[in-house]
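Chain by chain, the residues:
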Amino acid sequence: MKKYWRLISLSALLIMTVLTLSACSSSISKKDVLTEDMRSQRITWGVKTDTRLFGLENIRTGKLEGFEIDLATALTKKILGPNGKPTFVPVTSGTRVPLLKNGNIDAIMATMTITPERAKQVDFTHSYFDAGQSLLVRKGSPIKNINDLNKRGAVILGVAGSNSVKNVAKFAPKARVLQLSDYAQAMTALKSKQGDALTTDNGILYGMAAENPGYEVVGGNFTKEPYGIAVNKNQERFRKKLNWALKEVEKDGTYNRLLLKWFGDVKGFNYQEMKR
Ligand code: GLU
């Protein structure tokens, strides 16, 4: 009898947990992000915090700095007005989609390429930055391009959850790809000679080369990586507003000013080509 009651109470607990969880997930999917953000005067952005030029935590000031941080701030002001404020939540290539889906962030602005595969899970705005995948190697390395890595024994470093690790497996199928959890770790692995090259987008690699003068970007771009802002499905009002705000910052010169601020001095990077 005791056993019987225990079974009933356990099943009741299970049913209640399932009901609470489904209520939570449906309230996340039903929440109108734009309405809530206008009410709170805040947009919560998932951003990179270890990626120089895009989103990097300045350890002296504790502030986040980069093109995406400035762009997200400008879009927040366009959408919410001058009193609107951005909130930044650190994401990695692997955590950004789960954090969006859980409702922890409203939007991802984190060097994220628009791909048809990802568009099944999230919705994207127009592209706001045209990157391409490339390679970072130690200066003087025999690796000059992606073909040089397509051999047995070659090790390529990348980050889990990035498009880059998938692409490189197609371009250099004979090489082994080692996946680290973020770009800071991938750079440490390159420095400790655990791989022959680090692969991701050119802009990110130029940021790494700027802080590590013994390394250089080689081989040009072997893919096209247009970055988009990702939002949850069924947030069409919010996505449209973001697209509108992106057009506004392009029209009023903010976009080109930010491009010049972050990429104007980056060696090897043609910022003129990226102007809008
Ligand atoms: N743009 C690529 C991607 O979306 C690589 C950069 C990143 O890991 O965020 O996966």
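Just above sits the structure.
Remember, it's a predicted structure, so these values are computed and weren't measured experimentally.

Draft legend 1. Geometry of the overall build of the protein. When its secondary structure is counted, the protein shows ten helices and 13 strands. Counting every position in the protein, which comprises 276 residues, the buried fraction comes to 48%. Put simply, of all contacts in the protein between residues at least 6 apart along the chain, 71% involve residues at least 24 apart. Carbon and sulfur atoms make up 56% of the accessible area of the protein, which totals about 14,200 Å².

Draft legend 2. How the structure looks around the site of the ligand. If you check the shell around the ligand, you find 16 residues, and the closest are Ser93, Thr111, Asn163, Tyr183 and Asp201. Ser93 places a side-chain nitrogen or oxygen 2.7 Å from an oxygen atom of the ligand. For the ligand, the protein covers 100% of the area, taking 280 Å² as the surface of the free molecule. Of the residues assigned to the shell around the ligand, the class counts are five nonpolar, seven polar and four charged.

Draft legend 3. Quick look at the nonpolar core. In terms of nonpolar packing, the biggest core is built from 54 residues, with Trp45, Phe67, Leu71, Phe129, Leu136, Leu198 and Phe263 touching the most fellow members. If you tally residues by element for this core, the top one is helix 3 (residues 67-80), at eight residues. Non-local contacts of Phe129, meaning those with residues more than four positions away in its chain, are made with Phe54, Phe67, Glu225, Pro226, Tyr227, Tyr255, Leu259, Phe263, Phe269, Met274 and Arg276. One finds Ile146, Val168, Ala197 and Val218 within the second-largest nonpolar core, a separate group that totals 13 residues.

Draft legend 4. Structural view of the environment of Thr223. Mapped onto the secondary structure, Thr223 falls in the loop between strand 12 (215-218) and strand 13 (225-231). What makes Thr223 buried here is its relative accessible area of 15%. As a C-alpha pair, Thr223 and Ala131 span 92 residues in sequence and 8.5 Å in three-dimensional space. Excluding residues within four positions of it along the chain, Thr223 makes contact with Ala131, Gly132, Gln133, Asn167 and Phe171. A distance of 3.1 Å separates the side chain of Thr223 from the backbone nitrogen of Gln133, its partner in a polar contact. Of the polar contacts made by the side chain of Thr223, one reaches the side chain of Glu225; its length is 2.5 Å.

Rules of the game
- Residues numbered from 1 in each chain as written.
- Predicted model: local features only at pLDDT ≥ 70, side-chain atom pairs only at ≥ 80, totals over all residues.
- Heavy atoms only, no water.
- Helix = DSSP H or I, 4+ residues; strand = E, 2+ residues; numbered from the N terminus.
- Buried < 20%, exposed > 50% of the residue type's maximum accessible area, 1.4 Å probe, protein only.
- Contact = heavy atoms within 4.5 Å.
- Areas by Shrake-Rupley, 256 points an atom, 1.4 Å probe, with all protein chains shown as cover.
- Near = heavy atom within 4 Å.
- Polar contact = N/O pair within 3.5 Å; in protein donor to acceptor, adjacent residues only side chain to side chain.
- Nonpolar A, V, L, I, M, F, W, Y, C, P; charged D, E, K, R; others polar.
- Core = buried A, V, L, I, M, F, W, Y, C linked by side-chain atoms within 4.5 Å.

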